[in-house]
Amino acid sequence: MRAAEQALIEYEIAVETFRVEIENFSRLHHQKLGPMYARLEELDARIAEAKAARTGDPEDLRRAQELRARVLPMPSVEELFHGWMDGDGLFPEAAAMLTEQPVRPPQRVRPSEEARRLYRDLARKAHPDLAQEEGERKRREEFLTRVNSAYARGDEAELRELSEEWAAGPVPKERRPSRSEELYARLEWLAQRKELLTVVARELENSAIGSMLKLAPDDPDRLLDEIAEQLLAEVAGREAELAELIGQG
């Protein structure tokens, strides 16, 4: 029973770690690349409108209206560098990007190895499934919620404080032996819980962001940089195409 419980806890830790990685990667992906995607959509709409204005073809007009309905207002240069500018203008990192100078690496997508170690240690010790009494289970659930929150932010200092807090807290009572009927019920619950976690893990892996993250699990920052370069090249190509169409008009 203890082995089955520990295996389930380890699986839950792995799934939660992956979920946090995907959540952080998704947030950074949207922050860094979202304006570029929006700019591409706006340029596509303008190109379609320029073509429709030249040809007057009903299909071109329909296409232009369809693309226009999808887009938001085109982001300005300031929006493309959202978070890279203050009251005095561009931060040095943004200026370096514009002048093709080396820039400071973006914020890490994932919690550090030390944060991951602290999180795993706390999750193993404080997991609610190790409690027998309802009051102790509730205390563990509330504590683990704080642990999960700190881990999602990659806050090593808070995780260390939580580790010290747990070490200084009440010592949980040892689990009393269960009757055979309770043992079988417990094993069945563990099996059902594992099946549920397997479904969650599969959904995370098959999600759009999960699939992207699997392309560069050890260096997701590099993946974002590569995608950003591709998008910037596409923006430049669309702008050149639009300028040509307008010039021909």
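This one's a predicted model, so the numbers in the text were calculated from it and none came from an experiment.

1. Quick notes on the overall build of the chain
So, step 1. Across its full length, the chain holds ten helices and two strands.
So, step 2. Secondary structure of the chain in N-to-C order comes out as α-α-α-β-β-α-α-α-α-α-α-α.
So, step 3. Taking the intrachain contacts of the chain between residues at least 6 apart in sequence as the baseline, contacts between residues at least 24 apart amount to 72%.

2. Overview of the layout of surface pockets
So, step 1. In this structure, the second largest pocket occupies an estimated 390 Å³ of space.
So, step 2. Around the second largest pocket, the lining comprises 21 residues; the ones closest to its centre are E12, H127, L144, N148 and R193.
So, step 3. Of all elements in the fold, only α1 (2-55), α5 (113-126), α6 (134-153) and α8 (180-206) reach the threshold of two or more residues within the lining of the second largest pocket.
So, step 4. Among the elements that take part in the lining of the second largest pocket, α1 stands out by supplying six residues, more than any other.
So, step 5. When grouped by side-chain class, the residues that make up the lining of the second largest pocket number eleven nonpolar, three polar and seven charged.

3. Some points on the pattern of salt bridges
So, step 1. Inspection of the entire model under this criterion finds 27 salt bridges.
So, step 2. The partner of R68 in a salt bridge is E42, with the nearest N and O atoms 2.8 Å apart. Within this pair, whereas R68 is found in helix α2 (residues 58-70), its partner E42 is found in helix α1, the two being separated by 26 residues in sequence.
So, step 3. R68 sits in the partly exposed class, given a relative accessible area of 29%.
So, step 4. Between E241 and K51 there is a salt bridge; the shortest N-O distance is 3.7 Å.

4. Topic: the packing of α1 against helix α9 (residues 208-215)
So, step 1. For the pair α1 and α9, interaxial distance at closest approach is 9 Å and the crossing angle is 95°. As judged from the angle between their axes, α1 and α9 are roughly perpendicular. Where α1 approaches α9, its residues F18, E21, I22, F25, S26 and H29 are matched on the opposing element by I209, G210, M212 and L213.
So, step 2. Its residues assigned to classes, the contact of α1 with α9 shows six nonpolar, three polar and one charged.

5. Some remarks on the packing of aromatic side chains
So, step 1. For the coordinates displayed, the defined rule picks out two aromatic pairs.
So, step 2. Ring geometry for Y119 versus Y151: centroids 4.2 Å apart, planes at 15°, classification stacked. With Y119 in helix α5 and Y151 in helix α6, this residue pair connects regions lying 32 residues apart in the sequence.
So, step 3. Relative accessible area serves as the criterion here: at 0%, Y151 is assigned to the buried category.
So, step 4. Considering the side-chain rings of F143 and W166, the 5.1 Å spacing of their centres and the 40° angle between planes classify their relative orientation as tilted.

6. Concerning the packing of α5 against α6
So, step 1. At a minimum axis separation of 10 Å, α5 and α6 run at an interaxial angle of 170°. Between α5 and α6, the crossing angle belongs to the class labelled roughly antiparallel. Of the residues in α6, those in contact with A115, R116, Y119, L122, A123, K125 and A126 of α5 are R140, F143, L144, V147, N148 and Y151.
So, step 2. Classifying every residue of the contact of α5 with α6 by side-chain character gives nine nonpolar, one polar and three charged.

7. A closer look at helix α7 (residues 156-168)
So, step 1. Taking 1.5 Å of rise per residue, 13 residues should cover 18 Å, and α7 covers 18 Å from first to last C-alpha, within 8% of that figure.
So, step 2. Buried residues in α7 make contact with α5 and α6.
So, step 3. A distance of 3.3 Å separates the backbone nitrogen of A157 from a side-chain oxygen at the start of α7, and that oxygen is part of D155.

8. Things to note about the nonpolar core
So, step 1. Core analysis: the biggest nonpolar cluster contains 25 residues, and I22, F25, L33, M212, L223, I227 and L231 have the highest contact counts within it.
So, step 2. For this core, the elements supplying multiple residues, two or more each, are α1, α8, α9 and α10 (220-248).
So, step 3. Per-element accounting of this core gives the leading share, eleven residues, to α1.
So, step 4. Beyond its immediate stretch of four places on either side in the chain, M212 contacts F25, H29, L223 and I227.
So, step 5. L144, A150, L162 and W166 belong to the second largest nonpolar core, which has 18 residues in total.

9. Concerning α1
So, step 1. Its 54 residues place the ends of α1 74 Å apart at the C-alpha level, agreeing with the 80 Å of an ideal helix rising 1.5 Å per residue.
So, step 2. One or two residues past the end of α1 sits G56, with phi positive at roughly 70°.

Basis of the calculations
- Residues numbered from 1 in each chain as written.
- Predicted model: local features only at pLDDT ≥ 70, side-chain atom pairs only at ≥ 80, totals over all residues.
- Heavy atoms only, no water.
- Helix = DSSP H or I, 4+ residues; strand = E, 2+ residues; numbered from the N terminus.
- Contact = heavy atoms within 4.5 Å.
- 1 Å grid on protein atoms, 1.4 Å probe; cavity = no way out; pocket = protein on both sides within 12 Å on 5 of 7 lines; lining within 4 Å.
- Points joined across faces, edges and corners; volume = space filled by probe spheres on them.
- Nonpolar A, V, L, I, M, F, W, Y, C, P; charged D, E, K, R; others polar.
- Salt bridge = Lys/Arg side-chain N within 4 Å of Asp/Glu carboxyl O.
- Buried < 20%, exposed > 50% of the residue type's maximum accessible area, 1.4 Å probe, protein only.
- Axes fitted to C-alpha atoms, helices over the stretch in contact; angles between N-to-C directions.
- Parallel < 35°, antiparallel > 145°, perpendicular 65-115°, else oblique.
- Phe/Tyr/Trp six-rings, centres within 6.5 Å; stacked < 30°, edge-to-face > 60°.
- Expected span 1.5 Å × (residues − 1).
- Polar contact = N/O pair within 3.5 Å; in protein donor to acceptor, adjacent residues only side chain to side chain.
- Core = buried A, V, L, I, M, F, W, Y, C linked by side-chain atoms within 4.5 Å.

Structural measurements only, silent on function.
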